[in-house]
Amino acid sequence: MIFAKKLAEALNMKNLFADRVLNNSTADLDEIFKNSANPENISFSGGFPDNHLFPEADLKQAYQDAITNDGPAIFQYQTTQGPLALRKKIAARMQQHAEVPTTANEVMLTQGGQQAIDLVAKLVLNHGDAMIVEGPTYMGALAAFDTYEPTYYEVPVDQHGMDIRVLRKTLRQHPEIKLIYTVPDFHNPTGTTMSIKRRQELVALANQYNCLILEDSPYRDLRYNGKSVPAVKHFDTEGRVIFISSFSKILSPALRTGWLVADEHLMTELINLKSAIDVQSPNVTLAAVNTYLDEHDLDAHIAKLNAAYKVKRDAMLTAMDRYFPKNVQYTRPNGGFFIWVTLPDNVDAHELLTDVILPQAHVAYVPSSCQFASRKVKNGFRLNYTSLAPVTITRGIQRLGALLQPQAAA
Ligand code: PMP
């Protein structure tokens, strides 16, 4: 394989690649994730759930029971949209957990939320089409959007979510914008949640400027403090909001099972697109997820996750309060997986990571530049707290904080 790669480089096969591949804004992430896989390092970079909290025995049982109960049909081709029984359960959860009244017809199973993002991008974006992303935003979404080569407009995020004043101004200046992508609940990467007022204003603006909203909400159920707010889709009166979520963070990412909720006029096209990509999500997995939901209380499992993740979040914030310099700012999320750190303007978090933090502290984070479509903001980084034990979190933050002290003073 290595030989084949070298040969391809020598023959300059990159000339043969499409622009969409060469423009990938997240290409330099490989290096960071490679370093974080090194067991010597304490990695705050991945967005991983805690390995020890997967309901291993229950999932094993669910797979076995699904195969026993469904018989040979479980191994057959099924519909692209996914099994009706599972779509009904998801529709009921949408009402209970997101205040979105919907039906099984408006739900489609996807291979993770990631595929849902890709499908929506494929539905909407021609080369050069205008869209809005938050700044910063989920880098995996940027990777998916990049493939369709849109023109990005960036709207900043503060502690109440997307800045609606900037959004309004951007839409006024660029009424050709087709799509607005937002992560309103425990945002990746900042951890902040959009206020109810802003959710209403966002939908009103999409109505006024004839845009679609892609609401990406895989962290919604992982709340450690405060009260849940209705989904953006709750305020949707014209079928403009496509809501996506996933079992990755609340059950297991290896299931590669997510879902999309869209009104039927969009759903027909989305089903066609998914059918062309993979025909259907793996049915054995979907049947096992459906059986898991029949046999077990997912909400009780989520309550267990929330109790454990709250301790980890608190461990990280307590250590940051103690060991980080005073002129370094950070968010205090009420849920989700991430804390966002802002360093003084003159510090480049990517250079700092590769030149100082990784070699000296053996700690990894995700620098800000690859989390902005513009790639221009360099003085921030994302920390994940869910995957490590509280003692390891404290140790890692202490080591990181010690090296931030001289940077922050410079
Ligand atoms: N959206 C957001 C905001 C995410 O953070 C992630 C995963 N990190 C995803 C979508 C995709 O997750 P998955 O495909 O595993 O559902």
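Placed above this text is the structure.
Residues numbered from 1 in each chain as written. Predicted model: local features only at pLDDT ≥ 70, side-chain atom pairs only at ≥ 80, totals over all residues.

1. Here's the deal with the site of the ligand
Here is step 1: Contacts to the ligand come from 14 residues, most closely from G112, G113, Q114, S246 and S248.
Here is step 2: The element best represented in the shell around the ligand is helix α6 (residues 112-124), accounting for three residues. (Near = placed C-beta within 6 Å. Helix = DSSP H or I, 4+ residues; strand = E, 2+ residues; numbered from the N terminus.)

2. Examining the pairing of strand β4 (residues 151-158)
Here is step 1: In this structure, strand β3 (residues 130-135) lies alongside β4, joined through six bridges in parallel fashion. Paired with V133 across the strands is E154, a residue of β4.
Here is step 2: Count of turn residues in the β4/strand β5 (residues 161-162) antiparallel hairpin: two residues. (Pairing = 2+ DSSP bridges.)

3. Quick notes on the nonpolar core
Here is step 1: With 69 residues, the main nonpolar core has I132, I213, I242 and L260 as its most contacted residues.
Here is step 2: Counting 34 residues, the second largest nonpolar core, distinct from the first, contains M316, V363, L383 and I393. (Core = buried A, V, L, I, M, F, W, Y, C linked by C-beta atoms within 7 Å. Buried ≥ 20, exposed ≤ 12 C-beta atoms within 10 Å, placed from the backbone.)

4. Some details on the sheet that holds strand β14 (residues 380-384)
Pairing between the strands of a sheet comes from backbone hydrogen bonds, and it takes one of two forms, parallel or antiparallel.
Here is step 1: Pairing within the open sheet is antiparallel, and its four strands lie in the order β10-β11-β14-β13. Two strands in the sheet have a free side with no partner beyond their single neighbour: β10 (329-330) and β13 (366-367).
Here is step 2: Across two bridges, β13 lies against β14 in antiparallel orientation. Across the sheet, residue P367 finds its bridge partner in β14, namely F381.

5. A closer look at helix α4 (residues 56-70)
Here is step 1: The terminal C-alpha atoms of α4, which comprises 15 residues, lie 21 Å apart, in line with the 21 Å expected from a rise of 1.5 Å per residue.
Here is step 2: G71, located one to two residues past α4, shows a positive phi value of around 70°. (Expected span 1.5 Å × (residues − 1).)

6. Quick notes on the sheet that holds strand β8 (residues 241-246)
Here is step 1: Strand order in this open sheet of eight strands is β2-β9-β8-β7-β6-β3-β4-β5, and the pairing throughout is mixed. What marks the edges here is a single partner per strand, and that holds for β2 (107-110) and β5.
Here is step 2: Sheet topology places strand β6 (residues 179-182) next to strand β7 (residues 212-216); four bridges connect them, and they run parallel. Residue I180 lies in a different strand from β7, and its bridge partner there is I213.
Here is step 3: In the packing of helix α5 (residues 84-98) onto the sheet, the strands contacted are β2 and β9 (258-261), and the crossing angle to β2 comes to about 110°. (Contact = placed C-beta atoms within 7 Å. Axes fitted to C-alpha atoms, helices over the stretch in contact; angles between N-to-C directions.)

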